Amino acid sequence: MAGAPLAEQPTGLRAWLLSAEPHSRWQARLGRFYLGWRSFTKNPLAVVGLGVVILLILMAIFADVIAPYSPVAGGDLRTQRLLPPSETFWLGTDDQARDIFSRLVHGSRITLFVVVLVALIATPIGLLVGTVSGYLGGWVDTVLMRVTDIFLAFPRLVLALAFVAALGPGIENAIIAIAITSWPPYARIARAETLMIRNSDFIAAVRLQGASTPRIILGHVVPLCVSSLIVRVTLDMAGIILTAAGLGFLGLGAQPPMPEWGAMVATGRNYLIDQWWVAAMPGLAIFVVSLGFNLLGDGLRDVLDPKAAK
Amino acid sequence: MTKPLLDVEDLRVRFHLRTGTVEAVRGVSFQLGRERLGIVGESGSGKSQTGRAILGLTPPPGEVTAKRLAFDGIDLLTASKRTLRHLRGGRISMVMQDPKYSLNPVMTIGEQIIEAYQAHAKAGRNEARDKALAMLEAVKMRDPGRVFSLYPHEVSGGMGQRAMIAMMLVTEPDLLIADEPTSALDVTVSMEVLRILDELVSERGMGLIFISHDLKLVSSFCDRVLVMYAGRVVEELEAKNLREAQHPYTQGLMRCLPTLANDVRPLPTLNRDPSWAL
Amino acid sequence: MIDIQNLSVVYGTGRLRVDAVKNVSFSVAQGAAYGLVGESGSGKSTVLRAICGLAPISGGRVLIDGKEVTTPRSKDFYRTVQMVFQDPYASLHPRHTVDRTLSEPLAIHGEKDAEARILQALKEVGLGSSFRFRYPHQLSGGQRQRIAIARALILRPKVLLLDEPTSALDASVQAEILNLLDDLRRRLGLTYILVSHDLAVVAHLCERLLVMRHGEAIEEMTAEALRSGKASNDYTQSLIQASQGFTRDSHPPAQALAG
């Protein structure tokens, strides 16, 4: 660039991170990470989103410590049913005289479990199908993309319902059902990215070094697709949480007495007018966590995928 | 020279980036009459930003300041948006490097020229059409009627660039800014395009700012050359006196090109003196 | 070293058939540099791509070191022939450090002492070890092209295919890269095939050259003949003319500034 930068030179750790001449692989990587972090923190909403997600993780880890009561065993059914929020029961109690706050805290484990597992199953499938299809082209592409189309044609919740109906209700089956319906969009994204990358000179260069096709796909194509996929998965998390809650609400996901948020809303439905907190509290939790993931995804997009940012 | 067509004094373009402020153009001053002015420099010298700043096309977050930036007596910095819109594309036009990215891919070339014309002149459809065809003929299209109804992807690079020039000149501007108009073209084609540009300039008495990295080309095409380095004009000279260039940067740029006439080995390289950028 | 016999490259079939290269033959001796000159669409780059397997050989033969190349190319082929691309901004993986870029070919071919080889390669192209862990976005165009050359050299090939290696660079950087290529050829005894639209660049680097147009070979000549303007073909003459800069036909020749 022309002209001298007018800003003062950074010092200390920042200088080390921003060094134009890193001395090791680690310094180069950390420097890159730091630059990403800096642009991420420019977006206050993204930081709020990250905060919500971190809070969710902490809550899940320390659920036993945080929750004042047992999430499963209720209190005295005669005196402690459907109590409004108070000092003893912060968010009130439900029809089984269980503390709603404790149930919410423990429910975060289930939510996180669903989110992490779906991400772990769906992302690699989508990534692999997309990159292989895009890189090889020809009939491989045709076959893989038609399979993707078939999966894409199913409405997520309906397929999940059918799946759970066939395998029997339970959180694991719900997760599998959600994962199976959520990978096709990732495959599409990965394929589109791969089509752009495949004809670039740096791929031609590595081919001319004699690299095998798996090596090119895994080592050179995948790293470039991963960032836009991470963004997409994060943005999808809200939908996944909602689907899981929806299945819970219909009684097809987590089974009682598991403190799953969707199932909690379902129980609260019966007391909606008089004891609103029973349904509203878990509903609020679903809302906040979904929003958190969405905000985080938006922030990540600005950092990882500058093309897609507004 | 009478009253200058374009008067630029102390033009500065700053970009406020996250990593600090970068000044791409640092105090450029020149006056332009109805002549061919070349601006030469390497990438990052600020030559393109100078051209864009005149047209008010500096991309955000850029900031343009100048002691004076006047076109035919109109101050471009304080002019209203309406005046600017009227000037831009009307009395001042710009030809960019690659016609592929400057033409609208879903409109025929003829439609685009008509649109450009009607945006600045009150003219009926038929009159605009005649004008567009005449313009395509002026840029030496072999079959103007056919090219008129073609889409940009259906023509070659050279034809696309000529269509672009036709579109930019249909409003009969007083000033044309050409930013690397031939860099994406083959040599023989680019000579044709330059010849057309040259004729149009001398026939219509336009002012032309020709921005390029190619010192040899600019000096053979223009009357006057500004050599830019790191956002500043380091030397201004008559094109025919290029061989007597004083500044070591200009001299270095001249020498480091391999030529057919002399076999110099190794090629002299440019030792950048930090004081040039001061 | 390199023998191209009646090479043809055809893309597509039927109405979409494009004859990118038609019946081109030439040979390059060990340690020589050969230029392919022409405008866009002349097929000059396609010849290079056909040699290294990025374009199909539809007819004719390509012999390296007396042996006909196989499709797909063998690992040995890639140890003998390497390529440098035109645009250094597109030919380096944006998420890989210089270190990763240079160690990749060594890993593919199971070479040992990567550490020393990488430092050696960096030194050969005139860059210090401080560049080793940089990302491409931290490098200038000239530095990137040096890295691309280092990547091509790290397997110790005998032949380097150069596809417009300086046309995306500034004039002063072009001079540095040309000097580097000239120097490397002499020091390492490399054989070059250089593709360029710039006659002066080809004349500077090569001893012999082939002018191409519309996929056909027009004229083969020595750089000496090109310099002294002894081209017999009209098209070659017009290329030479155009490379001298703009001339105003109406002006008297004395006023027009020659090259």
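Per-chain numbering applies: the sequence of each chain, read as written, is numbered from 1 onward. Chains and ligands are labelled sequentially in the order written, the chains with letters from A and the ligands with numbers from 1. pLDDT decides what is reported in this predicted model: residues at 70 or higher carry local features, side-chain atom pairs at 80 or more are listed and counted, and totals for whole chains, interfaces and linings draw on all residues regardless.

Draft legend 1. Region of the structure containing the sheet that holds strand β5 (residues 67-68) of chain C. Residues and elements named next belong to chain C. Whether two strands pair comes down to DSSP finding at least two bridges between them. To qualify as a helix, a DSSP run of H or I must reach at least 4 residues; to qualify as a strand, a run of E must reach at least 2; elements of each kind are numbered from the N terminus. Pairing within the open sheet is antiparallel, and its four strands lie in the order β2-β1-β4-β5. Every interior strand has two partners, whereas the edge strands, β2 (18-28) and β5, have only one. Across five bridges, strand β1 (residues 2-11) lies against strand β4 (residues 59-64) in antiparallel orientation. Bridging across to β4, Q5 finds its partner in R61. Against the sheet, helix α1 (residues 44-52) engages β1, β2 and β4, with an angle of about 75 degrees to β2. Throughout, a pair of residues is in contact if the C-beta atoms placed from their backbones lie within 7 Å. Only C-alpha atoms enter the line fits that serve as axes; for helices the fit covers just the stretch in contact. Angles between N-to-C directions range over 0 to 180 degrees.

Draft legend 2. View of the sheet that holds strand β8 (residues 191-196) of chain C. Residues and elements named next belong to chain C. Read from one edge of the open sheet, six strands run β6-β7-β8-β3-β9-β10, paired in mixed fashion. Each of the sheet's edge strands pairs with one partner strand only, and the pair in question is β6 (81-84) and β10 (216-222). Mean inter-strand twist for the sheet, computed between neighbouring axes without regard to direction, equals 20 degrees. Pairing geometry for strand β3 (residues 33-37) and strand β9 (residues 208-213), over four bridges, is parallel.

Draft legend 3. The UniProt feature "domain: ABC transmembrane type-1" (unreviewed entry) in chain A, seen in detail. In the numbering used here, UniProt assigns the feature "domain: ABC transmembrane type-1" (unreviewed entry) to residues 108-297 of chain A. In this annotation, residues 108-297 of chain A is assigned 83% helix and 0% strand; the end-to-end C-alpha distance for the span is 19 Å. UniProt positions are given in the numbering used here, feature names are shortened, and annotations may be inferred rather than shown by experiment.

Draft legend 4. Up close: the pairing of strand β2 (residues 20-32) of chain B. Residues and elements named next belong to chain B. Taken together, the 10 bridges between strand β1 (residues 6-17) and β2 define a ladder with antiparallel strand orientation. Residue L11 lies in a different strand from β2, and its bridge partner there is V28. Between the end of β1 and the start of β2, which pair antiparallel, lie two residues.

Draft legend 5. Highlighting unusual backbone geometry. Cis rather than trans, the peptide bond between P60 of chain B and P61 of chain B has omega equal to 5 degrees. The omega torsion across T71 of chain C and P72 of chain C is -5 degrees, close enough to zero to call that bond cis. Note on placement: P72 of chain C falls in the loop between β5 and α2 (75-80). Despite not being glycine, D72 of chain B shows a phi value in the positive range, around 50 degrees. Position of D72 of chain B among the secondary structure elements: in the loop between β5 (68-71) and β6 (74-75). Judged by the 15 C-beta atoms lying within 10 Å of it, D72 of chain B falls in the partly exposed class. For the exposure call, what matters is how many other C-beta atoms sit within 10 Å of a residue's own: 20 or more marks it buried, 12 or fewer exposed, and in between partly exposed, using C-beta atoms placed from the backbone.

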